[in-house]
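Each chain, written out:
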Amino acid sequence: MTQYGTLLRQAVNEPGTTPLIGVHDMHSAAVATQFYDGLFLSGFGLAASHYGLPDIGYIAWPDVISFAQRIRGAFPGVHLLVDIDDGYVDTHVATHVVRQLEAAGTSGVILEDQARPRRCGHVDGKKVLPLEEYLDKLQAVLEARRDLVVVARTDATDEQEILRRAKALAATDADVVLVDGVRSVEAIRAIRETIGDKPLLFNQIGGGKSPRLSLGELGELGVNVAIYSTPCLFAAQDAMQRAMSELRAADGRLPEPRPDATTVASCLALLERTTAA
């Protein structure tokens, strides 16, 4: 049996920064795997694509497990990190979800310390659980996993509280620490120093609060993993809005296909790669 957690853990500990691309459905996963060998099942993306709702706690855990199963079945050779929000409130649910995701072939999960109602990590109004309450939940998740990589995430916003929580998370058996919504390179350096040798994850999202940095720049800052939460989702929205605007302006006449445009043939060719996995 493939040890997906071990493979991701090895990638995290290699020199440089390992990129994981956020996908919101099977089609976006098929596109992303043409370019990268690591995927991130984004809560933002799943809330938008599966429910048509913002990422504020609507996601049901069976839908996450089902999505992870489908991705792993289609793309057996990629790293797959899954956002499980706060573990769906209850510690017993969190541990059940972790076991099910590991059985489905997930490489790792991210567990956050947000209190309900939760928010996207890059918007205002976030609240966090008492640290000890979160650490108890995190410990239960760590005990439930066998090989799975566990990313401990804090959504604290006060500078001193960020560092206090980052240090506490680094002292656990979690494999990686994530501070979401970090606002500057200086803050990344401070977090890196605070957590010592513990691997560090950085989340990039279009229009978010964090600086836009290349993988090379992140590597120089000591960041081990970078997740890109929504590049496929946002690109799809831009393209669909443009296509619908052009179609309406042309009175419903489809445009002449450009040489690089997606057509029936090129779309089917992409999807046939998935059936051959």
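In what follows, the accompanying structure is described.

**Structural notes on the side chain of D155**
Link 1 in the chain: Position of D155 relative to the elements: it lies in the loop between β5 (149-154) and α7 (159-170).
Link 2 in the chain: In this structure the side chain of D155 is engaged in a polar contact, spanning 3.3 Å, whose partner is the side chain of Q114.

**Observations concerning empty space enclosed by the protein**
Link 1 in the chain: Within the structure shown, the criterion is met by 3 cavities of 30 Å³ or more.
Link 2 in the chain: What the second largest cavity holds in volume is close to 50 Å³.
Link 3 in the chain: Taken together, V179, V182, I188, I191, L200, L201, F202 and V223 make up the full set of residues lining the second largest cavity.
Link 4 in the chain: At the level of elements, α8 (185-194) and β7 (200-204) are the ones that each hand at least two residues to the lining of the second largest cavity.
Link 5 in the chain: No other element matches β7, which puts 3 residues into the lining of the second largest cavity.
Link 6 in the chain: For the lining of the second largest cavity, the class distribution of residues is 8 nonpolar, no polar and no charged.

**Looking at the pairing of strand β3 (residues 79-83)**
Link 1 in the chain: When you tally the buried positions in β3, you get 5 out of 5 residues, the bulk of the element.
Link 2 in the chain: With burial as the criterion, each face of β3 is covered, one bearing H79, L81 and D83 and the other bearing L80 and V82.
Link 3 in the chain: Relative to β3, strand β2 (residues 38-41) is paired through 4 bridges, and the arrangement is parallel. Bridge pairing links G38 to H79 in β3.
Link 4 in the chain: Of the strand pairs in this sheet, β3 and strand β4 (residues 108-112) are connected by 3 bridges, and their pairing is parallel. Bridging across to β4, V82 finds its partner in V109.
Link 5 in the chain: A crossover links β3 with its parallel partner β4, the connecting element being helix α5 (residues 91-103), and its sense is right-handed.

**Thoughts on the layout of surface pockets**
Link 1 in the chain: Here the largest pocket is characterised by a volume of approximately 1,200 Å³.
Link 2 in the chain: Lining the largest pocket are 33 residues, with A239, A243, R258, A261 and T262 sitting closest to its centre.
Link 3 in the chain: Of all the secondary structure elements, the ones that give two or more residues to the lining of the largest pocket are α2 (26-32), α10 (231-249) and α11 (264-275).
Link 4 in the chain: It is α10 that provides the largest number of residues to the lining of the largest pocket, a total of 11 residues.
Link 5 in the chain: Of the residues that constitute the lining of the largest pocket, the class distribution is 20 nonpolar, 7 polar and 6 charged.

**Some details on the nonpolar core**
Link 1 in the chain: Within the largest apolar cluster, 63 residues are counted, with the highest numbers of intra-cluster contacts made by V82, I84, L101 and L138.
Link 2 in the chain: Residue contributions to this core peak at 7 residues, all from helix α6 (residues 131-144).
Link 3 in the chain: Among residues more than four places away in sequence, those in contact with I84 are V97, V98, L101, V109, I110 and L111.
Link 4 in the chain: Judged by nonpolar contacts, the second largest core, of 13 residues, contains L8, F40, L81 and L178.

Rules of the game
Residue numbers run consecutively from 1 along every chain, following the written order of its sequence. Residue-level local features of this predicted model are given only where pLDDT is at least 70; pairs of side-chain atoms are given and counted only at 80 or more, and the full residue set underlies all totals for whole chains, interfaces and linings. The side-chain quantities take in all heavy atoms of the structure and omit both hydrogens and water. To qualify as a helix, a DSSP run of H or I must reach at least 4 residues; to qualify as a strand, a run of E must reach at least 2; elements of each kind are numbered from the N terminus. We define a polar contact as two N or O atoms separated by no more than 3.5 Å, with the added condition that, inside protein, one atom must be a possible hydrogen donor and the other a possible acceptor, whereas residues neighbouring each other in sequence contribute only through side-chain atom pairs. The pocket and cavity definitions rest on a 1 Å grid over protein atoms only: a 1.4 Å probe that fits but cannot leave marks a cavity, an open set with protein on both sides within 12 Å along at least five of seven lines marks a pocket, and residues lining either have an atom within 4 Å of a point. Grid points are joined across faces, edges and corners, and a volume is the space filled by probe spheres set on the points. Under this grouping Gly is polar, as are all residues other than the nonpolar Ala, Val, Leu, Ile, Met, Phe, Trp, Tyr, Cys and Pro and the charged Asp, Glu, Lys and Arg. Burial here depends on accessible area, computed with a 1.4 Å probe over protein chains only, as a share of the maximum for the residue type. Under 20% is buried, over 50% is exposed, and the range in between is partly exposed. Paired strands are those between which DSSP finds at least two bridges. Handedness of a crossover: with both strands directed away from the viewer, a clockwise path from the first strand across the helix to the second marks it as right-handed. In this description, a nonpolar core means a group of buried Ala, Val, Leu, Ile, Met, Phe, Trp, Tyr and Cys residues linked to one another through side-chain atoms lying within 4.5 Å. Residue contacts follow a heavy-atom distance rule, with two residues in contact if any of their heavy atoms lie within 4.5 Å.

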